[in-house]
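Observations on the three-dimensional arrangement
Residue-level listing of the chains:
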Amino acid sequence: MKKLSRLLWAATTVVSLALSGCGSTSAGPTNSPAASSKVTINGSLEPGAAKSTAKAAAGAAGSIGTVTAIDAATGAVLSATPASIVPDLSGTGGSFSGLSFTPPSSQAGVILKATLSNGKVYRALIASQLAAASTVNASVGPNSDAIVTAVSGALNVTGVLGDNGVKVPSGTKLADVASAVTSVSSALLPKLETGYVIDTGGNGSAVPGVTLLDRVAQAIVKTVRFTNQVGTRIGHFANVTADGSELWLCSGQGGASGSMNVYDTAAFKNYSTLNDSNQASFIKHSFPKGCGVQNVQSPDGRYLFASVDQAPKGVNVFDVKNHAYLGTITNGNTAPHVGAISADGTKYYTTTAGSSHAVGYDISGLPAKVPGDADKVLDVNLGYGSLHAVRLHPNGKYLFVGNNTWPVPSPLPSTITAATSGTNVIDIATQKIIATIPGRPHNYAISPDGKYLLVTELSSPDCEVSLPGDPGNRLQFIDISTLASATPDASKIKDIYHFDTPGYGGSHASWDPTTGVLYYSVYDTNNQGWLFLLDTANLAAATPSVTQLGSKQKIGWAPHGVLFPGINGD
């Protein structure tokens, strides 16, 4: 796979056609007199913007959403008819054409608002003069949306441009908008180009930290070591806001006390260590509410759910935008390892850890109401073991729950009829397990096209299995494409490929939806961390395969979560 600068392309071409070298406009005569007074917009979604929505949601209509044009000066919709977004062959993007409207006589920018069938909304801002009888090419996605949000703030807009009735302040000129786009883009784009690996640390002399990744060069930038936290652990997961400015990560995992910290990502660029003298430059906010492994954000980035290892345990809920602690989901006084949130942001799924239940809660009452037992919408007993991995299928109908217990207990608990060691596929509507794929799940990721569930398997930091028949340590790929159909066949959910790293225990992995590269963190018998970059394009081949890109790269101590701005960490 080529090292394409697709992130740069996506983040710049979609935002403003006034940026030097960014995007394109072309004007020319049209054949239709009726259209001669109108501008036409053709374009696409940023690479990876649709993820698995494209094929899962297209159905017979062949559309995954629509795009409308909105006047930034008035907040009014300009396009009489929205343009349909047609999915591409990858299942991770799409294109639209023929979005036409009469250019406003007094222009202050035009917002392109893409509404996907899974509820996602992305905006892009055209900040160049639009002329009648011209054609403009643009693209829309999470990067352009982050910049529109930032431009709205820079122009002192009440709300975000593109939302109902939201407009720029009276008297704002097109040149003012273009200037804001240029200023915001130069500050924001480097943050969007950065990925992160969480190096959790450990006991003794182990030093936790965060490794920075260059998503364009597909290379490690550096590892920032938390030298004032030697011998302690930080959370296994973290999340970065869509604009790339903040990283939410807790410290004190498994200890007597812990805190959720909000880091200024600029500090990671400016320093190589976090210590007592510069900690104020790193940490913008701190909530002394405990620390656990889990850290999952809602699809709109508004809420964060983080488990708490300290008594009485549970799951803390935070308001990300307002930097506020909202309360704790007691969750049977357990500290679950992982969680997942539905695409519409109304359901939160997790486990009860050692008590072996997969559970779900109605979270539609947030922020006023933090859910309790009365708001539980799912409760499935897996019978035994440590439920270490959870992931929700993109269509929201199936929950993957990993039981990494091996060997399978004998006899089985009386509450179940079949072993649940491995990946369990739960039909949420019926609350039944429809398939179990043997393995030792440590964590999950789903490919951008939604066809494959990736399972990082970990029994110990060594690929040499210790028990006869133990699935051991490996990167497991499971074909889940049947779940996107109206009538899925559970027998087609199959383990199709393993990527082995002898001598290195698998930890976490995540696909960068913009480039398609899979980042896989592992560690050796000394807990030294390493990062593999993998090309998974041939998983769909008759004989599936995965190719390593370059040599493994050294990172921090005991690495876990891999994450990118605005994308829930894996």
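Remember, predicted model here, so these are calculated numbers, not experimental data.

Moving on, we come to the overall build of the protein. For the protein, the helix and strand inventory stands at 6 helices and 38 strands. With 570 residues in all, the protein has 55% of them scored as buried. The contacts of the protein with a sequence gap of at least 6 include a subset with a gap of at least 24, amounting to 58%. When the accessible area of the protein is evaluated, it comes to approximately 21300 Å², of which 51% is carbon and sulfur surface.

Moving on to the state of the cysteines. Covalent bonding between the sulfur atoms of two cysteines is what defines a disulfide. Within the structure shown, the criterion is met by 1 disulfide. What pairs with Cys250 in a disulfide is Cys291, and their sulfur atoms sit 2.0 Å apart. The sign of the S-S torsion, about 55°, decides the handedness of the disulfide formed by Cys250 and Cys291: right-handed. In this pair, Cys250 sits in strand 13 (residues 246-251) while Cys291 sits in the loop between strand 16 (283-287) and strand 17 (295-297), placing the two residues 41 residues apart along the sequence. No difference in accessibility class separates Cys250 from Cys291, as the two residues are buried.

A separate point is helix 3 (residues 142-154). Look at helix 3: 18 Å from first C-alpha to last across 13 residues, which is about the 18 Å you get at 1.5 Å a residue. Every buried residue belonging to helix 3 is among Asn143, Ser144, Asp145, Ala146, Ile147, Val148, Val151 and Ser152, and all of these are buried. Once helix 3 ends, the next one or two residues include Asn156, with phi positive near 60°.

Glancing now at the sheet that holds strand 21 (residues 339-341). The strand order across the open sheet formed by 4 strands is 21-22-23-24, and the pairing between neighbours is antiparallel. The sheet is open, and its two borders are formed by strand 21 and strand 24 (376-381), each paired with just one other strand. Ignoring strand direction, the axes of neighbouring strands in this sheet form an average angle of 15°. In this sheet, strand 22 (residues 347-351) lies alongside strand 21 in antiparallel orientation, the contact comprising 3 bridges. Bridge pairing links Ala340 to Tyr349 in strand 22.

Attention now goes to the pattern of salt bridges. Across all of its chains, the model carries 7 salt bridges by this definition. Across the pair Asp379 and Lys376 runs a salt bridge, and its minimum N-O distance is 3.9 Å. The network of salt bridges with common partners includes Arg123, Asp145 and Asp163.

The subject of this paragraph is the pairing of strand 5 (residues 94-101). In the sheet, strand 2 (residues 39-45) pairs with strand 5 via 5 bridges, with the strands oriented antiparallel. What sits directly across from Gly43, in strand 5, is Phe96. Relative to strand 5, strand 4 (residues 83-87) is paired through 2 bridges, and the arrangement is antiparallel. Bridge pairing in strand 5 places Pro87 opposite Gly94.

Below, the discussion takes up the pairing of strand 20 (residues 324-329). Where strand 19 (residues 314-319) lies against strand 20, 5 bridges are found, and the strand directions are antiparallel. Opposite Phe318, over in strand 20, you have Tyr325 as the bridge partner. Between strand 19 and strand 20, which pair antiparallel one after the other, the connecting turn spans 4 residues, and His323 there sits at a positive phi close to 50°.

Here the focus is the sheet that holds strand 20. Here 4 strands make up an open sheet; going across it, the order is 17-18-19-20 and the pairing antiparallel. Either end of the sheet is taken by a strand with one partner, and the two such strands are strand 17 and strand 20. Adjacent strand axes in the sheet meet at a mean angle of 25°, parallel and antiparallel pairs treated alike.

Its 19 residues place the ends of helix 4 (residues 174-192) 25 Å apart at the C-alpha level, agreeing with the 27 Å of an ideal helix rising 1.5 Å per residue. Ser185 marks the point of greatest bend in helix 4, at about 35°. Burial in helix 4 covers these residues: Leu174, Val177, Ala178, Ala180, Val181, Val184, Ser185, Leu188, Leu189 and Leu192.

Moving on, we come to the environment of Phe305. With respect to the helices and strands, the residue Phe305 is situated in strand 18 (residues 303-308). Sequence-wise, Phe305 and Gln294 are 11 residues apart; in three dimensions their C-alpha atoms are separated by 7.4 Å.

Moving on: the side chain of Thr456. Along the chain, Thr456 turns up in strand 30 (residues 452-457). At 2.5 Å, the side chain of Thr456 forms a polar contact with the backbone oxygen of Ser507. Every residue in contact with Thr456, bar those within four places of it in the chain, is listed here: Arg440, Pro441, His442, Asn443, Arg474, Leu475, Ser507, His508, Ala509 and Tyr520.

The next point concerns the packing of aromatic side chains. All told, the structure shown has 16 aromatic pairs when counted by the stated rule. Between Phe226 and Tyr263, the aromatic rings sit 5.8 Å apart at their centres with planes inclined by 25°, giving stacked as the arrangement. Taken together, the residues Phe226 in strand 11 (residues 219-226) and Tyr263 in strand 14 (residues 259-264) connect sequence positions 37 residues apart. Take Tyr263: its relative accessible area is 0%, and that puts it in the buried class. Taken together, the aromatic side chains of Tyr196, Phe226, Tyr263, Phe268, Tyr271 and Phe282 make up a single cluster linked through ring pairs.

Let us look at the confidence of the model for the protein. Taken residue by residue, the protein gives an average pLDDT of 87. The fraction at 70 or more is 88%. For the stretch residues 54-60, pLDDT sits under 50, and the model shows 16 contacts to residues farther than four places along the chain or on other chains. Every residue in residues 460-466 scores below 50 in pLDDT, and together they form 20 contacts with partners more than four places removed in sequence or on other chains.

Once that is clear, we can look at unusual backbone geometry. A cis geometry characterises the amide bond from Trp406 onward to Pro407, with omega recorded as 0°. For the bond running from Ser410 to Pro411, omega is 0°, close enough to zero to count as cis. Take Pro411: it is sitting in the loop between strand 26 (398-403) and strand 27 (422-427). Its identity is not glycine, yet Ala133 carries a phi of approximately 60°, on the positive side. Structurally, Ala133 is set in the loop between strand 7 (121-126) and strand 8 (134-140). The phi dihedral of His323 falls on the positive side, at around 50°, and the residue is not glycine. Within the element layout of this structure, His323 appears in the loop between strand 19 and strand 20. Of the residues examined, His323 reaches a relative accessible area of 23% and is grouped as partly exposed.

Rules behind the numbers
Residues numbered from 1 in each chain as written. Predicted model: local features only at pLDDT ≥ 70, side-chain atom pairs only at ≥ 80, totals over all residues. Heavy atoms only, no water. Helix = DSSP H or I, 4+ residues; strand = E, 2+ residues; numbered from the N terminus. Buried < 20%, exposed > 50% of the residue type's maximum accessible area, 1.4 Å probe, protein only. Contact = heavy atoms within 4.5 Å. Areas by Shrake-Rupley, 256 points an atom, 1.4 Å probe, with all protein chains shown as cover. Disulfide = S-S within 2.5 Å. Expected span 1.5 Å × (residues − 1). Pairing = 2+ DSSP bridges. Axes fitted to C-alpha atoms, helices over the stretch in contact; angles between N-to-C directions. Salt bridge = Lys/Arg side-chain N within 4 Å of Asp/Glu carboxyl O. Bend = angle between axes of the 7 residues up to and from the residue. Polar contact = N/O pair within 3.5 Å; in protein donor to acceptor, adjacent residues only side chain to side chain. Phe/Tyr/Trp six-rings, centres within 6.5 Å; stacked < 30°, edge-to-face > 60°. pLDDT = per-residue confidence, 0-100.

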